[in-house]
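Observations on the three-dimensional arrangement
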Amino acid sequence: MLAETICSAVSVAGLGIAAIMAYRKRFLSAARTAAYALVPLGLVMTGAVEWIVDTAFSPVAWAGFGVLGLALLLFLSTRAVERRRGGRKETTGGAEPGAVAPAASSPSRAVTAKPQAGGGGAGEDFSDIEAILKKHGI
């Protein structure tokens, strides 16, 4: 009786923590915490804690297997989401420390070298640089 009460209290506390995580928009961590919290409740409901003899015919035990299945499904789905993201960590809001603005990743002015007949490739590079320097008044 004491073991069931302790396991139930642990499950309720874990589900409360998961609810707080979900409120803070950390859904992946909240789902994983909920999965961990449902394991003791599922073990109590299946009778594994007290080794009840009539586990196979008890509807509460089968409901416990259902809860364990739900916990397993949550574990597997959070792992699949983690793999799909490529192992990136969740952010708690704001930009990541190494984030780059989308406009900064592309050059502001594309400079393309036009091929010269005769193979004078080195002179072409300097003419592009001279054009850029003249544009900026240097």
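Keep in mind it's a predicted model, so treat the numbers as computed, not measured. (Residues numbered from 1 in each chain as written. Predicted model: local features only at pLDDT ≥ 70, side-chain atom pairs only at ≥ 80, totals over all residues. Heavy atoms only, no water.)

Overview of the overall build of the protein chain
Definition in use: Strands are runs of DSSP state E lasting at least two residues, helices are runs of H or I lasting at least four, and both sets are numbered from the N terminus onward. Only protein chains enter the accessibility calculation, which uses a 1.4 Å probe; a residue is then buried when its area is under 20% of its type maximum, exposed when over 50%, and partly exposed in between. Whether two residues are in contact is decided by their heavy atoms, any of which lying within 4.5 Å being enough. Every accessible area reported is derived by Shrake-Rupley at a probe size of 1.4 Å, with residue values counting cover from the shown protein chains alone.
What the protein chain contains, in helices and strands, is four helices and zero strands. Its helices and strands taken in sequence order, the protein chain reads α-α-α-α from the N to the C terminus. Across the 138 residues of the protein chain, 19% fall into the buried class. Long-range contacts, defined as pairs at least 24 residues apart, comprise 54% of the intrachain contacts of the protein chain with a sequence gap of at least 6. A total accessible area of about 10400 Å² is found for the protein chain, and carbon and sulfur atoms account for 66% of it.

Topic: the pattern of salt bridges
Basically, it comes down to this: Salt bridges are counted wherever a side-chain nitrogen of Lys or Arg sits within 4 Å of a carboxyl oxygen of Asp or Glu.
Considering all chains together, one arrives at two salt bridges under this definition. Measuring nitrogen to oxygen at the nearest pair gives 3.3 Å for the salt bridge that ties Arg79 to Glu82. With Arg79 and Glu82 both in helix H3 (residues 59-85) and three residues apart, the pair spans about one turn of that helix. Three or more residues joined by partner-sharing salt bridges are found here, namely Arg32, Arg79 and Glu82.

Overview of helix H2 (residues 27-46)
What counts, and what does not: Here the expected length of a helix is defined as 1.5 Å per residue gap, with one fewer gap than residues. Bend angle per residue: angle between axes fitted to the 7 residues ending at that residue and the 7 residues starting there.
The first and last C-alpha atoms of H2 sit 28 Å apart over 20 residues, in line with the 28 Å expected at 1.5 Å per residue. Of all bends in H2, the biggest is about 25°, found at Val39, and the proline Pro40 comes one to four residues later. Downstream of H2 by one or two residues, Gly47 has phi in the positive range, about 90°.

What to know about the UniProt feature "transmembrane region" (unreviewed entry) in the protein chain
So the rule is basically this: UniProt positions are given in the numbering used here, feature names are shortened, and annotations may be inferred rather than shown by experiment.
In the numbering adopted here, UniProt assigns the feature "transmembrane region" (unreviewed entry) to residues 35-53 and 59-81. Taken as a whole, residues 59-81 contains 100% helix and 0% strand, while its terminal C-alpha atoms sit 33 Å from one another.

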